[in-house]
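Structure at a glance
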Amino acid sequence: MPYFAEINPQTNEVLRVIVADNKTWCEQTFGGTWVQTYKKTEGQNYAWKGYIYHPDRENFSPPKPYASWTLNDKCHWQCPAARPDDEHEYTWDEDTQAWKHTHVWATDENGLLEAGDGLMASNVEGYFTKGEPAVVTVCDCCDFAASRTETYYSNIVSVTNSNVLTTSETEQEGYVENCYWTSSTVSRYVGNAVAYYTNVVVYDGVSVYTNVETAQEGFTPVYTSNTSPVEIEGYTPVIVYSNVSSDRYDTNVYTDYTKVITHYSNISVVEEVTYSNITAGEYANLNTEYIVTPGYTSFVNADSNTTIRVEQYATLTPEQRADYTVQPVAPVTSNLQSDYTLQTREVPTHMRELEGGIRAMCVQCDHLLA
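No experiment lies behind these values; they were computed from the predicted model shown.

How each quantity is defined
Each residue is numbered by its place in its chain's sequence as written, counting from 1. Restriction of local features to residues with pLDDT of at least 70 applies here, the model being predicted, together with a cutoff of 80 or more for giving and counting side-chain atom pairs; totals for whole chains, interfaces and linings are based on all residues. Here the side-chain values reflect all heavy atoms present in the structure, with hydrogen atoms and water set aside. Helix and strand assignments follow DSSP, with helices taken as H or I runs no shorter than four residues and strands as E runs no shorter than two, numbered in order from the N terminus. Classification of residues uses two cut-offs on accessible area relative to the type maximum, computed with a 1.4 Å probe and protein chains only: under 20% is buried, over 50% is exposed, and between them is partly exposed. Between Lys or Arg on one side and Asp or Glu on the other, a salt bridge is scored when a side-chain nitrogen of the former is within 4 Å of a carboxyl oxygen of the latter. Two kinds of site are reported from a 1 Å grid over the protein atoms alone, namely cavities, where a 1.4 Å probe fits but cannot get out, and pockets, open sets with protein on both sides within 12 Å along at least five of seven lines, and residues are called lining when an atom falls within 4 Å of a point. Grid points are joined across faces, edges and corners, and a volume is the space filled by probe spheres set on the points. Residues are grouped as follows: Ala, Val, Leu, Ile, Met, Phe, Trp, Tyr, Cys and Pro are nonpolar; Asp, Glu, Lys and Arg are charged; every other residue, Gly included, is polar. For two strands to pair, DSSP has to find at least two bridges joining them. An axis is simply a line fitted to the C-alpha atoms; with a helix, the fit covers only the stretch in contact. Between two such axes, the angle follows the N-to-C directions and lies from 0 to 180 degrees. Nitrogen and oxygen atoms within 3.5 Å of one another constitute a polar contact, given that in protein one can donate a hydrogen and the other can accept it, and given that sequence-neighbouring residues count only through two side-chain atoms. The contact rule is simple, with two residues in contact once any of their heavy atoms fall within 4.5 Å.

Here we take up unusual backbone geometry. Following Glu-132, the chain continues to Pro-133 via a peptide bond in cis, the omega torsion being 0 degrees. Structurally, the position occupied by Pro-133 is in the loop between strand 11 (128–130) and strand 12 (136–138). One non-glycine residue, Asn-12, lies in the positive phi region at around 65 degrees. Along the chain, Asn-12 falls in the loop between strand 1 (3–7) and strand 2 (14–19). In this structure Asn-12 comes out as partly exposed when scored by relative accessible area, which is 24%. Positive phi, close to 50 degrees, is recorded for Glu-58, a residue that is not glycine.

Once that is clear, we can look at the pattern of salt bridges. If you walk through the whole model with that rule in mind, you get eight salt bridges. Ionic pairing is found between Glu-150 and Arg-345, a salt bridge with its closest N-O pair at 2.7 Å. With Glu-150 in strand 13 (residues 147–168) and Arg-345 in strand 26 (residues 341–348), the pair connects residues that are 195 residues apart, well separated along the chain. Look at Glu-150 and you get partly exposed, because its relative accessible area is 22%. Between Glu-177 and Lys-259 there is a salt bridge, and its shortest N-O distance comes to 3.1 Å. Here Lys-259 lies in strand 20 (residues 258–278) and Glu-177 lies in strand 14 (residues 176–186), a separation of 82 residues in the sequence. One network of salt bridges, in which partners are shared, links Arg-148, Glu-150 and Arg-345.

Of the volumes computed, that of the largest pocket is approximately 350 Å³. Forming the boundary of the largest pocket are 18 residues, of which Cys-141, Cys-142, Met-361, Cys-362 and Val-363 lie nearest the centre. Looking at which element gives the most residues to the lining of the largest pocket, the answer is strand 28 (residues 359–368), with four residues. Taken together, the residues of the lining of the largest pocket sort by class into ten nonpolar, four polar and four charged.

Further remarks concern the pairing of strand 10 (residues 118–121). Of the strand pairs in this sheet, strand 10 and strand 12 are connected by two bridges, and their pairing is antiparallel. By the bridge assignment for strand 12, Leu-119 is matched with Val-136. Hairpin remark: strand 10 followed by strand 11, antiparallel, with six residues in the connecting loop; positive phi at Gly-126, about 90 degrees.

This brings us to the sheet that holds strand 2. Reading across the sheet, the three strands line up as 2-1-3 and stay open at both edges, with antiparallel pairing between neighbours. Lying at the two open borders of the sheet, with one neighbouring strand each, are strand 2 and strand 3 (33–37). Neighbour-to-neighbour, the strand axes of this sheet turn through a mean angle of 30 degrees, independent of strand direction. As judged from the five bridges shared by strand 1 and strand 2, these two strands associate in the antiparallel manner. Residue pairing across strands places Phe-4 opposite Ile-18, the latter belonging to strand 2.

A few words now on the side chain of Asn-59. In this fold, Asn-59 is placed in strand 5 (residues 59–61). Here the side chain of Asn-59 touches Asn-45 through a polar contact of 2.8 Å, landing on its backbone nitrogen. With residues near it in sequence (within four places) discarded, Asn-59 still touches Gly-43, Gln-44, Asn-45, Ile-52, Tyr-53, His-54, Lys-74 and Cys-75.

Right under this line is the structure:
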């Protein structure tokens, strides 16, 4: 089904996108201005909420990212200067009309990096290293290690027991035999044969048999014998299986029953612990200064034992306000730090081994230097 976008007629902003039969149905059901979107044959862009519709092009684009960017023929925003084609990461700086490094690949040729160190061009083409004249400055320290230690805080949210059933086809220590006893008999009906018609319906590899009493196109007649346990030419014996449990078999001697072992099973209990992990910044917010619910002013009516907020109080007449008394409600703060414990873990870093034993890592940079 086609997609339709509701457009704000003043700003051409997309308000929502829905799937519908046609534009008329959208207008009659919801009102407003609607335009079909994502016409593949016409090379039209798909519209999302917040996108802009361009009536002169009958196409959609994201909101304009920067004042200097322009739309191309395909309604894609185009930058005044081409983005550098290398492995470094950049962001557009509208003030200088240039691409600025956000992350660059730096080597350890001139030692480890500290925050504020300047980077210059490396002896390895396409990389930077510490030194002058600096092209960019480094935001964070970098020791070129294969992993870094990450700090976080954790508490246990819940502990649950999970029963895990494991099975085996052969008998094993600690496993219980699961079996039943079965016998097969021939159905006893009046008459020599029962005829019915069947076809096979295959769905996702599963055969489904559909049986009817009368002949139909695509159905094949099937005859089954109800009087003989042995094959009769043209007939198929009807076998009925009778199953009893092991304890019932032991109580009553069923000599004509056969023991059928389904499998051996072992049930074990596994303790599943769920942890809640938070960052150091989130942990800092759990102190006594962290406000869960802001404070507010409440007005209490002792006669009716009700309270109202300041918005409702403001609508009352002076006579009505006389029935209420002011009651400040303090903010609710939280101190959940005691529930968390400090944890550390080793996180692998994205590091490259270059020729000559040189190591390189992608580091965050502050800005371009003049």
